[in-house]
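Analysis of the macromolecular model
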Amino acid sequence: MRKKLARDYYQRANYRIQALSFFYEVGDYADVVRMCQEIIELFIKACLIIKGINYGKTHDPGGQVAENRERFPELSDEEIALLENISFEMRKDRELAFYGAVDIVPLEYYKQKNADKAIVYVNQIKSIVEKYFNSDAELEGSPDNTTCE
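As the structure is a prediction and not an experimental result, all values here were calculated from the model.

Conventions and cut-offs
Residues numbered from 1 in each chain as written. Predicted model: local features only at pLDDT ≥ 70, side-chain atom pairs only at ≥ 80, totals over all residues. Heavy atoms only, no water. Core = buried A, V, L, I, M, F, W, Y, C linked by side-chain atoms within 4.5 Å. Buried < 20%, exposed > 50% of the residue type's maximum accessible area, 1.4 Å probe, protein only. Helix = DSSP H or I, 4+ residues; strand = E, 2+ residues; numbered from the N terminus. Contact = heavy atoms within 4.5 Å. Lys, Arg positive; Asp, Glu negative; His and termini not counted. Salt bridge = Lys/Arg side-chain N within 4 Å of Asp/Glu carboxyl O. Axes fitted to C-alpha atoms, helices over the stretch in contact; angles between N-to-C directions. Parallel < 35°, antiparallel > 145°, perpendicular 65-115°, else oblique. Left-handed = near helix turned anticlockwise from the far one by under 90°. Nonpolar A, V, L, I, M, F, W, Y, C, P; charged D, E, K, R; others polar.

1. Observations regarding the nonpolar core
Grouped burial of nonpolar side chains is what soluble globular proteins tend to show. Grouped together as the largest cluster of nonpolar side chains are 41 residues, with contacts concentrated most on Ile40, Val65, Phe72, Leu75, Met90, Ile125 and Phe133. Counting residues per element, the ones that place at least two in this core are helix H1 (2-25), helix H2 (29-50), helix H4 (77-91) and helix H7 (112-133). Ranked by residue count, the leading element in this core is H2, at 16 residues. If sequence neighbours within four positions are ignored, Met90 has contacts with Val33, Cys36, Gln37, Ile40, Ala118 and Tyr121.

See below:
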């Protein structure tokens, strides 16, 4: 079940990537940022699931990768730091991009440059995470008896 769940997260992240172009084209940069955060979260959680790491109910799972560094020998220190830093940075925009605030209207606040930066982050995370899903080597070597919440 763990392998199926990890693959599900990975696939849903990729579906969201395809949907980004719609929001970007209509100038809804707030939803581009929000969706990019979701994509990054799903990608990182997919990796945690593969390794059998219970990440809990968090929208910033990058720290879990860093805390379990020994479980990710195939990732460089730079890749671990990138996962952790991008996850942390994008988490800060999760609610603001979706709900706004009394003094922040998301469609006015988020600009094309914010969307562009978020998309770059998605591409960076995807390039790290795809090594787990482009070949089944990691998935095949993983026991499939752990569930993550």
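2. Let's talk about the side chain of Asp28
Topologically, Asp28 is positioned in the loop between H1 and H2. For the buried Asp28, which has no salt bridge, the nearest side chain bearing the opposite charge is Arg34, at an N-O separation of 11 Å. In this structure Asp28 touches Phe23 and Leu107, once residues within four positions along its chain are discounted.

3. Some thoughts on the packing of H2 against H7
The geometry of H2 relative to H7 is characterised by a closest axis approach of 9 Å and an angle of 15° between their N-to-C directions. On the basis of the axis angle, H2 is roughly parallel to H7. As for the relative orientation of H2 and H7, their crossing is left-handed in sense. Note on element contacts: H7 touches H2 through Gln112, Asn114, Ala115, Ala118, Ile119, Tyr121, Val122, Ile125, Lys126, Val129, Tyr132 and Phe133, opposite Tyr29, Val32, Val33, Cys36, Ile39, Ile40, Phe43, Ile44, Ala46, Cys47 and Ile50. Partitioning the contact of H2 with H7 into residue classes produces 20 nonpolar, two polar and one charged.

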